[in-house]
Each structure stands twice: as C-alpha cells, then as structure tokens.
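The lines below spell out each chain.
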Amino acid sequence: MSKILVVEDEPQIARFVELELKHEEYEAVTCGDGRQALEMIQKDTEEFDLVVLDIMLPGLNGLEVLRRLRKDGINIPVIMLTARDSVMDKVSGLDMGANDYLTKPFAIEELLARIRALLRAPKAENTNESDIIRYEDIVMDTAKHFVTVNDVPVDLTLKEFGLLQSLLENQSIVLTREQLLERVWGYDYFGETNVVDVYIRYVRSKLEEVSNRKYIQTVRGVGYKIGK
Ligand code: CA
C-alpha cells in the first residue's frame, strides 16, 4: 500500500484529501506545518511514497520544504498545491523539482489521477537502461511505453509515441516526412504526408505543456529533428 503525506494547514482540505486517499486504499498521513513535514520526510525517507505539498504553510513554506528535500538528494515524488493563478509559484515549484502541481481549488479526481500517474512512473532501480532513451529532460522508456519530461509523465498516443521515439533514436538527424510515415504508420499508408505535421504538432503541444522548451525542430522543406 502506498503511503502519502499530505502537507496542508487548512484542516478541512487536509481532512477531505486524507479521507479520499483512504477511500482509494492509500495510507494517508497529514501534517499542517512545513518544518514538521520536512523533518518527517528527512527522518525516514523510505516511509512515504509521495508528498502532496501546499505552498502556503506555517513553519516553512512548501517551496522551501521542497528546496531542502531536493538539496538533500531526497527524490520522493512531490505534487505542489498552488494558489489560483500564482504562475510564479508553479514555475518555482517545477524549477525546484516538484513532479507536478495543481491549482486550488482542485477536483479531487484530478489529484487522484496525478497521484496514480506518479506512483506508476518507473523508478530508476527497476528499469532496464537499454530501454531508456534520453534527450535533455525527456526520458522515454520504450519497453514500458512511458515518457516523462522533467519527471512529469506525458500521456502520448501510440502514433505520437512512435514519432517521438523515431526522432529520439535519430538525434541530430533530420527525418523526412516520408521516413517518419514509414516508421510510424508503416509502408502501406497511402494517405497525405501532412498527417506527420499534424501529429508533430500534438507531440509538441503535449511536451510544451510540461516544459516550455522547443524540443522538435522543423527543418524547412525537409522534415523534423531533435538535437543540434
Ligand atoms: Ca495553506
């Protein structure tokens, strides 16, 4: 059973999240103070599988708790809760190594979905390195059919995954639309080649939802590539 620490000083929210987590058969522990939460995690880093961390907290704020955890090399998955429209908090949270964030008020289903995704993410120790392709902060596990950007899972369809995989396996090489069509759609595809452009757009927007970087470059008149 996964054990989740909920760090939130508003008792009603903390209680609500705790009950929902228990209902989903997680073990849930709540804490209303940043400094105390930091100590709980540092004391036994094996104890919790994930932390839901509010930013506005007494003791230490959530960003500071996160910064200190990461500085100590504690890589426990963290979902930050940010106030509505606080873009700065989101950016600093992700910069400091938060795995995901949710804006308050949030739907509990949304939180549960993010928790499931993070707990499902492959951990370094049970992953076969030969199945892993990396580029900057993109990590693709071809065996588990799983992609993360900056440790945040990205949900790609089969075709989108195939396109990204082709580009990642050929870093710095320009692939033409025809080459991408053959690799991803197969030789027997007789539709328009602009289907590649459409799917490249989907992949880009999904990657850019997580990170603002431009990973896939368009080489005009030729095709697409990843890498210099
Ligand atoms: Ca709070």
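It should be emphasised that the depicted structure is a prediction, and the values quoted were computed from it without experimental measurement.

Remarks on the overall build of the protein
What the protein contains, in helices and strands, is eight helices and twelve strands. In terms of its C-alpha atoms, the protein occupies a principal-axis envelope of roughly 60 × 35 × 30 Å. Looking at the protein residue by residue over its 228 residues, the buried ones come to 45%. Once local pairs closer than 6 in sequence are excluded, the contacts in the protein between residues at least 24 apart make up 57%.

Description of the pattern of salt bridges
The final tally for this structure, using the stated rule, is 15 salt bridges. Notably, a salt bridge pairs arginine 114 with glutamate 110, separated by 2.7 Å at the nearest N-O pair. Of the two residues, arginine 114 and glutamate 110 both sit in helix α5 (residues 108–120), four residues apart, roughly one turn of that helix. Salt bridges here are not isolated pairs; linked through shared partners, they connect Glu8, Glu10, Asp54 and Lys104.

Considering the coordination of the calcium ion
Coordination of the calcium ion by the protein comes from Glu8 (OE), Asp9 (OD), Glu10 (OE), Asp54 (OD) and Met56 (O), over a distance range of 2.1 to 3.1 Å. Taken in sequence order, the residues that donate to the calcium ion follow the motif E-D-E-x43-D-x1-M. Of this pair, aspartate 9 sits in the loop between β1 (3–7) and α1 (11–23) while aspartate 54 sits in strand β3 (residues 50–54), and the two are 45 residues apart along the sequence. The class for aspartate 9 is partly exposed, based on a relative accessible area of 31%.

Rules behind the numbers
- Every chain is numbered on its own, with residues counted from 1 as its sequence reads.
- Only residues with pLDDT of at least 70 are given local features in this predicted model, and only at 80 or more are side-chain atom pairs given and counted; all residues enter the totals for whole chains, interfaces and linings.
- Side-chain metrics in this entry use all non-hydrogen atoms of the structure; hydrogen atoms and water are not considered.
- Runs of H or I in DSSP of at least four residues are treated as helices and runs of E of at least two as strands, each being numbered from the N terminus.
- Each residue is assigned to one of three classes by its accessible area relative to the maximum for its type, calculated with a 1.4 Å probe on protein chains only: buried under 20%, partly exposed between the two thresholds, exposed over 50%.
- Here, residues are in contact when the closest pair of their heavy atoms is within 4.5 Å.
- The salt bridge criterion pairs a side-chain nitrogen of Lys or Arg with a carboxyl oxygen of Asp or Glu, the two atoms within 4 Å.
- Donor atoms are limited to N, O and S found within 2.8 Å of the metal ion, a distance that becomes 3.2 Å for Na, K and Ca. With water left out, some sites might look partial.

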